[in-house]
Amino acid sequence: MSQPTDITRSGPGKGALWLSLASLTYLFVSYKLVGFKTDQLVLLALINGLYYASEPSRKFIIGFSIFVVYWIVFDYMKAFPNYRYTTVHIESLYNLEKQLFGIRDGAALLTPNEYWLRHRTNSLALATGLFYLTWVPIPLLFAAYLFVRNRAQFFPFALTFVLVNLLGFVVYYLYPAAPPWYVQLHGFVFHANTPGNTAGLAQFDQLTGLSVFNAIYAKSSNVFAAMPSLHSSYPVIVLYYGLKNRLGAINVGFAVIMVGVWFSAVYTSHHYLLDVLAGVACALTGIVLFGLLLKTNWLQNFIRRLTKLTA
């Protein structure tokens, strides 16, 4: 009797039908929720291109579909702004930051953001901009490394990444919070539909002649989602799995990037120190929670099936 064939080895097969249906559904739902954007076509072209190109690329995109789901959920948050559901914390968060971490500068007591706003330098602007650019590329590159070198660790890393994001999204809706740059520009008055802002990262764009951060923050899903700082969560997850995989000196680099991102978040006025600490706590909570879930049979079986599907 012939054995059933895997879709990744026998060609697109029935998976092509499901991918076509998913692609059309994504376009329809996206149009209804956030409107049509060329980014959506780019994403579908990338997914479909990799799926049909070859067996290895098909396995790759099936594995990375976990990150695609995260990106779609993040994008759809634009349709459901958190400030519609509860009060946005602006002045209370600012005052708590100053009370806990205030820095004396002359006669004034400043938040760390305000202190660095007074003491900016070109070298720090370049360094913090470079650190901030690692926000997404480093987790994705590390995921690609695990996919190639240690498939058994790839899926736990990817699922932990998504779990930490989901925990962060929940906090966004329970505790909408304005970033420091909002207070610098608008004070403590709430303005719905405030567009994203490059804040301190604008200096990086000016010094380099690029508009990389201007392009990124023009597409911001929600200005009032500063707490927790998921920018600060991601390098924690990467370092944790780097240590699990005993990557040696590479982990030193991960640790430097982690601290650099934390400092950059505050230096550029995108996050309070409280946001950074909340991001670290969110990452640690997600890591521990996933560790507990990993002891359940259903998650073990799910990861086993995914690993087999992309083997």
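Residues numbered from 1 in each chain as written. Predicted model: local features only at pLDDT ≥ 70, side-chain atom pairs only at ≥ 80, totals over all residues. Heavy atoms only, no water.

### As for the packing of helix α4 (residues 91-101) against helix α14 (residues 273-293)
Look at α4 against α14: their axes get within 9 Å of each other, and the N-to-C directions meet at 90 degrees. Considered as vectors, α4 and α14 are oriented roughly perpendicular to each other. Where α4 abuts α14, its residues L93, L96, E97, L100 and F101 lie against L273, L274, D275 and L277. Across the contact of α4 with α14, the residue classes break down as seven nonpolar, no polar and two charged. (Axes fitted to C-alpha atoms, helices over the stretch in contact; angles between N-to-C directions. Helix = DSSP H or I, 4+ residues; strand = E, 2+ residues; numbered from the N terminus. Parallel < 35°, antiparallel > 145°, perpendicular 65-115°, else oblique. Contact = heavy atoms within 4.5 Å. Nonpolar A, V, L, I, M, F, W, Y, C, P; charged D, E, K, R; others polar.)

### Let's talk about the nonpolar core
Residues F67, F142, F154 and F157 are the most contacted members of the largest nonpolar core, which totals 39 residues. Elements that contribute at least two residues to this core include exactly α3 (55-76), α7 (137-149), α8 (151-174), α12 (230-244), α13 (249-267), α14 and α15 (297-309). Here the element with the most residues in this core is α8; it accounts for 11 residues. Sequence-distant contacts of F154, that is, excluding residues within four places in its chain, are made with G63, F64, F67, A143, L146 and F147. Listed in part, the 16 residues of the second largest apolar core include V88, A177, F224 and M227. (Core = buried A, V, L, I, M, F, W, Y, C linked by side-chain atoms within 4.5 Å. Buried < 20%, exposed > 50% of the residue type's maximum accessible area, 1.4 Å probe, protein only.)

### Some points on α12
Taking 1.5 Å per residue as the helical rise, α12 with its 15 residues ought to reach 21 Å, and the 21 Å between its terminal C-alpha atoms agrees with that figure. For α12, a buried count of 12 out of 15 residues is recorded, marking the element as mostly surrounded by other parts of the structure. Along α12, the residues classified as buried are L230, H231, S232, S233, Y234, P235, V236, I237, V238, L239, Y241 and G242. Among the residues trailing α12, R246 stands out with phi positive, at a value near 50 degrees. (Expected span 1.5 Å × (residues − 1).)

### What to know about the packing of α3 against α7
Put simply, α3 and α7 touch, their axes get as near as 11 Å, and they point 135 degrees apart. Between α3 and α7, the interaxial angle falls into the category oblique. Note on packing geometry: the crossing formed by α3 with α7 is right-handed. Residues K59, F60, G63, F64 and F67 of α3 lie in contact with α7, whose contacting residues are L140, A143, A144 and F147. Considered class by class, the residues forming the contact of α3 with α7 number seven nonpolar, one polar and one charged. (Left-handed = near helix turned anticlockwise from the far one by under 90°.)

### Description of the environment of G49
Mapped onto the elements of the fold, G49 is located in helix α2 (residues 38-53). Remark: the alpha-carbon pair of G49 and I61, spanning 12 residues in sequence, is separated by 9.5 Å.

### Structural notes on the environment of L166
Tracing the sequence through the fold places L166 in helix α8. Through-space distance from the C-alpha of L166 to that of V73 is 9.1 Å; in sequence the pair is 93 residues apart.

### Here's the deal with the UniProt feature "transmembrane region" (unreviewed entry) in the protein
UniProt tags residues 15-34, 60-77, 124-147, 154-175, 223-243, 250-270 and 276-294 as "transmembrane region" (unreviewed entry). In the segment residues 223-243, helix accounts for 67% and strand for 0%; the C-alpha atoms at its two ends are 33 Å apart. Helix makes up 95% of residues 276-294 and strand 0%, and the two end C-alpha atoms of the span are 27 Å apart. (UniProt positions renumbered as here; feature names shortened; annotations may be inferred.)

### Here we look at helix α1 (residues 14-33)
Compared with an ideal rise of 1.5 Å per residue, which puts 20 residues at 28 Å, α1 spans 29 Å between its outermost C-alpha atoms and is within 8% of the ideal. Along α1, the residues that are buried comprise G15, A16, L19, S23, Y26 and S30. Burial along α1 is one-sided: seen end-on, the buried residues are contained in an arc of 100 degrees. Away from its buried face by more than 90 degrees, α1 exposes K14, L17, W18, L24, F28, Y31 and K32. Of the surrounding elements, those touching the buried residues of α1 are α2 and α3. Following α1 by one or two positions, G35 has its phi on the positive side, about 85 degrees. (Arc of directions from axis to C-beta.)

### Details of the environment of T198
Mapped onto the elements, T198 comes out in the loop between α9 (180-186) and α10 (202-208). We classify T198 as buried; its relative accessible area is 13%. In the structure, T198 is positioned 61 residues away from V259 in sequence and 21 Å away in space, judged by C-alpha atoms. Not counting chain neighbours up to four residues away, the residues in contact with T198 comprise F213, N214, Y217 and H270.

### Re the pattern of salt bridges
Throughout the structure, instances matching the rule amount to four salt bridges. Here K59 and E55 are joined by a salt bridge, their closest N and O atoms 3.2 Å apart. Of this pair, K59 and E55 both sit in helix α3, separated by four residues, roughly a single helical turn. When its relative accessible area of 30% is taken as the criterion, E55 is described as partly exposed. With a closest N to O distance of 3.1 Å, R118 and D105 form a salt bridge. With a gap of 13 residues between them, R118 in helix α5 (residues 112-118) and D105 in strand β1 (residues 103-105) connect regions that are remote in the sequence. The network of salt bridges with shared partners includes K37, D75 and K78. (Salt bridge = Lys/Arg side-chain N within 4 Å of Asp/Glu carboxyl O.)

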